[in-house]
Each structure stands twice: as C-alpha cells, then as structure tokens.
Amino acid sequence: MKFQEYFGETHNMVRQTIRKFVEREIKPFVDEWEEKGEFPEELYPKAGDAGILGIGYPEAYGGSGGDIFLKIAYIEELMRCGSAGVVAGLGSLDISIPPILAFGTEKQKSRFIPPVLKGDKIAALGITEPNAGSDVANIQTKAVLRGNHYVVNGSKMLITSGYRANQLTCAVRTGGEGYKGISLLIIESDTPGYSVSEKLRKMGWWASDTAQIFFDECQVPVENLLGKEGEGFSGIMENFQNERLQLSIMANMTAQLALEESLKYAKEREAFGRPLSGFQVTRHKLVDMATLVEASREFVYRVAAKIDAGENQVKEISMAKNFACMVSDKVTYDAVQIHGGFGYMREYLVERLYRDNRILSIGGGTQEIMKEIISKYILA
Amino acid sequence: MNILVCLKQVPDTETQIKVAPDSKSIVTDNIKWVMNPYDEYAVEEGLRLKEKFGGEVTIIGVGPTRVTESIRTALAMGADKGILVDDPALTGSDSLGIAKILAAVIKDLDYNLILCGKQGVDDDYGVVGSNLAELLGIPQISIVLKLEVSEDGSTVKAHREVEGGILVIEAPLPALITAQKGLNEPRYASLPGIMKAKKKPLDVKTISDLGLDAGQVGESGAKIKIMQITPPEERGAGKIVEGETPQEKAANLAKLLHEEAKII
C-alpha cells in the first residue's frame, strides 16, 4: 500500500461478520419491522453474542476492543440493512455507555456496561426535555439528595430506545441555574416512579422505539451518580463528539445507499426509448452525487483519524457533521427525483432513506448549533 | 480428532466480474475477496466435530498474501492454526497442481479427516478434493449433505443427495469429504474470535519448503490451460405480445413460442 489506509485486515474481517449478520438476521425482516415500528428485542443478544455491540469498548467490561475505524466499519456495514432505525436502536448504547466509561467508578462500570454489551439490557441517553434540547444548560428535571437517594422529578423527551430501555444515562439538575448545576445519573427503568409514554410516531427511523420518560418522586440510589455533582455538562458535551461522528457516518452511508440505488435504477429504467443513464442530465446528476459522497466520506475519515489520535476536533467534527448532512440532504433528494414517482413509494429504498435522513441534521446537535460552535473557533 | 480444512479465497459472490483484455483471466482490481462459500461449510463442520471429539482444526490455504485474511476468518470462527502456501511459482496452477501442493503440506501432518468445499465458486472445477484424496491414497466422499463420525472415531458416514433420494456411504478414517450447501449453517466469526485469531499461529510456506519444484506446479506444471473466458451473452430487449382480447394475445403468444422461440 503506497498511501495511508484507514482500514486493515481486522476491519475487513469485522465487516464480513457484520455483513453476514445483516444478511441473515436483519435484511429478510427489515421491511416488516419498519412497518411495525420496532425490531424484536432478541436482536440485541444476537448482536451481543457476535461481539458486535462491544466494538470499541474494553475487554474488561465485555467489549470487543478495536479503534475508531472498527466502529466506523460497524456503522457502515450495519447501515446496509437499509433501516437507520435499526442502527439507531442498536446504537443507543453508543451514546449512553461512553459517559459511564469516562466518569464511572469501577463498580459502576462493571455493573452497568457488560449486560448492555452482551445485549441482555438496553441502554439509552436522556438529555432532551420538552423545554430543553440543544439548550442543555437549561434542563429542568430536578434531582434532590435525600439521605441515600436522589429524588428525581421531571421528564425526558424524544429518547431513542426509550420505550424499551432498562437504563438511562440521564442529565438532571442537582444544583442551581445554568450548566454548573447539571449532573449525570444512571436511572434504571424498574425504579419506582419511572414511567414511559406510548411509542412516539416519527417521520423516519420507524424501526427504532422513541418515547417520553417521566420521573415522579423517582428514588435513585446515590451510588448511581456519574462523576461528581455539577460535572454533568462537560460530560454531555464531550459525549456529543462521539454522537456527531456516528451521525456523520450515518449521513454518509445514507447518501452512499441512495447513490447506489440511483445508479442501479438509472441503468434499468427506460424513458423515451433509452435508459435514464443515457440522458446527460441524469448522468451529471449521478456524478455530482458521487462526488459529494466521496468528498464527505474522506473528510469524515480524516477527522476520525485525528480524534483517534487524541487531537481536539470539536470544530472539525461539527463541520464534518454539517457537511455530511448537507450531502445526504442533497443526495437523497436527487435519488428520489431520479426514481420519479416510484421513489415516493414505500417499496423503494430511497423513499425510506429520504425520510430517515431528515433527523441527521437535528439529532446530536442541530445544524445551527454546529454553526454556532464552529463560529466560536473561527472568529476567536 | 485432528481435522484439516482446505480453503480457497474467491471473489465475493456479489462482485461484477469483468474479463481482462487477454480474454484468459479476469480483472482483479477492486475485487473483494472472501472465503469460498462451500469452504465455510467445511470449516463449520470441522469446528462442530472438534467440539464433539476434541482435537485440532487446521486450515490450509494456497495463494497470495491476501489469502491470510480468509484463513484468519476461519481462525476467528474457532479453528486452531493456519498454513498458507504462498509462492510466485504457484501462479497459473490448475486443480491438479493445487492438489499436489496440498498433498505436500498434508503428508507431514497428523490427521483423521480432511474437509474441502465441493467446488470453488470462481472457476467451478470441483476436482481439487478428489485429486487430493487420490494423491494421499485415502477414501473420498464428495458433495456431502450430512456427516456422522462414529463414536470411536474410526469411520465416517456421509449422506449424499442423488436423483430422487439420499445415498448413505461409509468409509474408514482418515478420509476426505467435500461439503455441499446445506451441510450446516456456518457461524459468524465473532468479534472476540477475530481479536483472538490475531494471536493464533499461521505458518507461511514456499514450494521449496514443501520439497516441490516449480516445474510440478504453476503454469508450467498445469495439465489444462484456459483458452478463453467469455462473459454471458447480453439479454436482448423483451417483447410485448400484441392483441385486442386475451384470446387474441394468447394466440399470438402461442404463435411466437412456436415460430420464433421454437420451444413448442
């Protein structure tokens, strides 16, 4: 190899395992799960047994190890199932476990991480509230220390895997106003006072369950506090870097799949006596799509390599996420356009890609929040 | 019970194959290489027998360095060690040449059973297994759907599908079996398995290590030669059968099938 490659033999072997897992355990059923609004819970232990859920986590807590590119290979191959909802559902652990790994005590780590990586328990992240999303410093859910317990009151909104989650890595207010009053608690779903709404009906990500979670005098043992009181905000902000990388990869794969579908369709579908690919206007559209996908993928890989090397990439990952989402917005739009009326039909993958794509520039920090972050760096 | 599994690496079955300008080979740029699917059944069967009887599963591959990835995949599934024969002189070997190389590797090993896929899905000759059994002078049962090894490990009973029924064949061990689709459902290489596989032994040998010389294998030793590879003919456009009524359309269809397609 004459140039620096991001993926090696191990990554390729892992890709093959995940591809087989997707072909055998997900693809044959995915349309059914999408319509039903959830995938079977058994998928978690199946993925856990194959070691897929543990990618990127230390072996000491039941993880499979591996660098950032192994995680990327995992997300890319899993996205090939065609349902970002399945990926988001299985992937909710990747936003809820990292704070435990970063701030948890030995006891918390060995209690809350291995069952999730095995697929026996489902983990979710609880930040967003009815009145606070991007404005994390303004969260209202209160936790008051009383003896050996925090008494939690409030609610969390739009929680991915929230309907089925057994444990929630949850932002609460233990102190006064502003970001300094925020802490992270692990709240288990069987805690008295913890309840869950019906599954929320969404534009996309149909196969993943999303819910509102309510806390009513919910008694959380004090040993479930992650780190120290008041350290929650910085923990949440750090965790966002993970999530933004994952969403960038999802955006790139959404665009990649839309491109592949469009290339196939343009060769098959005939209009005015020749295949769509026989028209310059279609060919050029496909070329623009392919160019954007290629550029976005290389950009995100580069940023990932720097993150893996321990460099501060807050500005760059925010740019990468916005760029990847801009690309996937354009490419999924054009993919539906190339498919014409059929692209509006549920039987065609591009219809789902178009819907599933919409959340990517909102979740994990909106496009506008990304721009605010970037502006602070470039105008400093 | 010591089991040897012979493994070939082939282009991923989803690859769009393009014929090279020389018309005798394929374009290998950008090909994704995977373990031959029939060999996956062989590996899986080997692992199941090891789980039942104990012993070791050894994977043997022939080909360039990239083949280590497929051998590692088999190690990640649970096999114990791998041997790769990698030598520039091997280029252009035919099936008999490959069987000679495998026989040279195997003659020094201690084994009870050899498992192969029934054929490589790339060139589809399907004869390496039988050639190898012949060279080793051991019994061979091909295209096997079900395999039973006797409790004392002395014989093997294999089920083969034949027209309208199942043929059950018995042979003393050591023997060679070739695997058919349906023999089992191969496991995935799990992530912990993949990580562990990095530390398992994988020996790389050249043909001189095996006491062979270049004239016996590779292009110079080949008994058969590929003259030409042609892609399948492109499908022509379809035809819409004209007619005002279903009856008329059926009549026109029958006429076309008779006069143009000449199949009725």
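Residues numbered from 1 in each chain as written. Chains lettered and ligands numbered in written order. Predicted model: local features only at pLDDT ≥ 70, side-chain atom pairs only at ≥ 80, totals over all residues. Heavy atoms only, no water.

### Let's talk about the domain arrangement of chain A
All names here are of chain A.
Then, number 1: By domain assignment, chain A separates into domain 1 (3–118), domain 2 (123–231) and domain 3 (234–378).
Then, number 2: Centre-to-centre separation of domain 1 and domain 2, based on C-alpha positions: 23 Å.
Then, number 3: Taken together, the 29 residues of domain 1 in the interface contact 21 residues of domain 2.
Then, number 4: For the pair domain 1 and domain 2, the number of links is 13 residue pairs in polar contact (both at pLDDT 80 or more).
Then, number 5: Mapped onto the side of domain 1 that touches domain 2, the elements with two or more residues apiece are α2 (30–36), α5 (84–91), α6 (93–103) and α7 (106–112). (Domains from an automatic or database assignment. Contact = heavy atoms within 4.5 Å. Polar contact = N/O pair within 3.5 Å; in protein donor to acceptor, adjacent residues only side chain to side chain. Helix = DSSP H or I, 4+ residues; strand = E, 2+ residues; numbered from the N terminus.)

### Quick word on the sheet that holds strand β9 (residues 165–172) of chain B
Residues and elements named next belong to chain B.
Then, number 1: A sheet is described by the order of its strands in space; here nine strands give the open sequence β9-β8-β7-β10-β6-β1-β4-β5-β11, paired in mixed fashion. Both outer strands of the open sheet, β9 and β11 (202–205), are each paired with one neighbouring strand and no more. Across the sheet, the mean angle separating the axes of adjacent strands is 35° when strand polarity is ignored.
Then, number 2: In this structure, strand β1 (residues 3–7) lies alongside strand β4 (residues 57–62), joined through five bridges in parallel fashion. By the bridge assignment for β4, Cys-6 is matched with Ile-60.
Then, number 3: Packed onto the sheet, helix α3 (residues 95–106) meets β1, β4, β5 (81–85) and β6 (113–117) and runs at close to 145° relative to β4. (Pairing = 2+ DSSP bridges. Axes fitted to C-alpha atoms, helices over the stretch in contact; angles between N-to-C directions.)

### Focus: the interface of chain A and chain B
Then, number 1: Each partner contributes residues to the interface: chain A has 21 residues there, and chain B has 20 residues.
Then, number 2: Summing both partners gives a buried area of about 1800 Å² for chain A against chain B, and 56% of it is carried by carbon and sulfur.
Then, number 3: The interface formed by chain A and chain B includes four salt bridges.
Then, number 4: Of the charged contacts in the structure, one is a salt bridge between Arg-72 of chain B and Glu-9 of chain A, with a shortest N-O distance of 3.7 Å.
Then, number 5: Inspection of the chain A/chain B interface yields nine residue pairs in polar contact (both at pLDDT 80 or more).
Then, number 6: For the side of chain A that touches chain B, the element with the highest residue contribution is helix α1 (residues 9–26) of chain A, accounting for 12 residues. (Buried area = accessible area lost by both parts, 1.4 Å probe. Salt bridge = Lys/Arg side-chain N within 4 Å of Asp/Glu carboxyl O.)

### Notes on the packing of aromatic side chains
By convention here, two paired aromatic rings are described through the distance between centres and the angle between planes.
All names here are of chain A.
Then, number 1: Per the stated rule, a full pass over the model turns up 16 aromatic pairs over all chains.
Then, number 2: Ring geometry for Phe-29 against Trp-33: centres 5.7 Å apart, planes inclined by 25°, an arrangement best described as stacked.
Then, number 3: Between Trp-33 and Phe-39 the ring centres are 6.3 Å apart and the planes differ by 50°, which places this aromatic pair in the tilted class. Taken individually, Trp-33 and Phe-39 each receive the classification buried, so the pair is uniform in this respect.
Then, number 4: Here the aromatic cluster, defined as three or more aromatic residues joined through ring pairs, consists of Tyr-6, Phe-7, Phe-69 and Tyr-301.
Then, number 5: The ring of Tyr-163 carries the charged tip of Lys-199 above its face, separated from the ring centre by 5.7 Å. (Phe/Tyr/Trp six-rings, centres within 6.5 Å; stacked < 30°, edge-to-face > 60°. Buried < 20%, exposed > 50% of the residue type's maximum accessible area, 1.4 Å probe, protein only. Lys NZ or Arg CZ within 6 Å of the ring centre and 35° of its normal.)

### Some remarks on the domain arrangement of chain B
Then, number 1: By domain assignment, chain B separates into domain 1 (3–221) and domain 2 (233–264).
Then, number 2: For domain 1 of chain B and domain 2 of chain B, the distance between their C-alpha centres works out to 47 Å.

### Quick notes on the pairing of strand β7 (residues 210–221) of chain A
Residues and elements named next belong to chain A.
Then, number 1: Bridge count for strand β3 (residues 149–160) against β7 is nine bridges, and the pairing is antiparallel. Across the sheet, the residue bridging to Ile-159 is Ala-211, located in β7.
Then, number 2: Here strand β6 (residues 194–196) pairs with β7 via three bridges, running antiparallel. Following the sheet pairing, Val-196 is matched in β7 by Ile-213.

### Focus: the pattern of salt bridges
Then, number 1: Tallying each qualifying case throughout the model produces 36 salt bridges over all chains.
Then, number 2: The shortest N-O distance in the salt bridge between Glu-77 of chain A and Arg-15 of chain A comes to 3.0 Å. Highlighted residues: Glu-77 of chain A in helix α4 (residues 68–79) and Arg-15 of chain A in helix α1, separated in sequence by 62 residues.
Then, number 3: In this structure Glu-77 of chain A comes out as buried when scored by relative accessible area, which is 5%.
Then, number 4: Among the salt bridges present, the one from Arg-19 of chain A reaches Asp-12 of chain B, with a minimum N-O distance of 3.7 Å. Here Asp-12 of chain B lies in the loop between β2 (9–11) and β3 (33–35) and Arg-19 of chain A lies in helix α1, a pairing that spans two chains.
Then, number 5: One salt-bridge network, held together by shared partners, links Arg-15, Arg-19, Glu-76 and Glu-77 of chain A together with Asp-12 of chain B.

### Topic: helix α2 (residues 67–77) of chain B
Then, number 1: By the criterion of burial, α2 of chain B is predominantly enclosed, with 11 of the 11 residues buried.
Then, number 2: Restricting attention to buried positions, one finds in α2 of chain B the residues Val-67, Thr-68, Glu-69, Ser-70, Ile-71, Arg-72, Thr-73, Ala-74, Leu-75, Ala-76 and Met-77 of chain B.

### Focus on the environment of Lys-376 of chain A
Then, number 1: Note that Lys-376 of chain A resides in helix α13 (residues 367–378).
Then, number 2: Lys-376 of chain A sits 254 residues away from Ile-122 of chain A along the chain, and the two C-alpha atoms are 36 Å apart.

### Let's talk about unusual backbone geometry
Then, number 1: A cis amide bond links Leu-173 of chain B to the next residue, Pro-174 of chain B, at an omega of 0°.
Then, number 2: Along the chain, Pro-174 of chain B turns up in the loop between β9 and β10 (175–179).
Then, number 3: Phi at Phe-272 of chain A is positive, roughly 50°, even though this residue is not glycine.
Then, number 4: Checked against the element boundaries, Phe-272 of chain A lands in the loop between β9 (270–271) and β10 (274–275).

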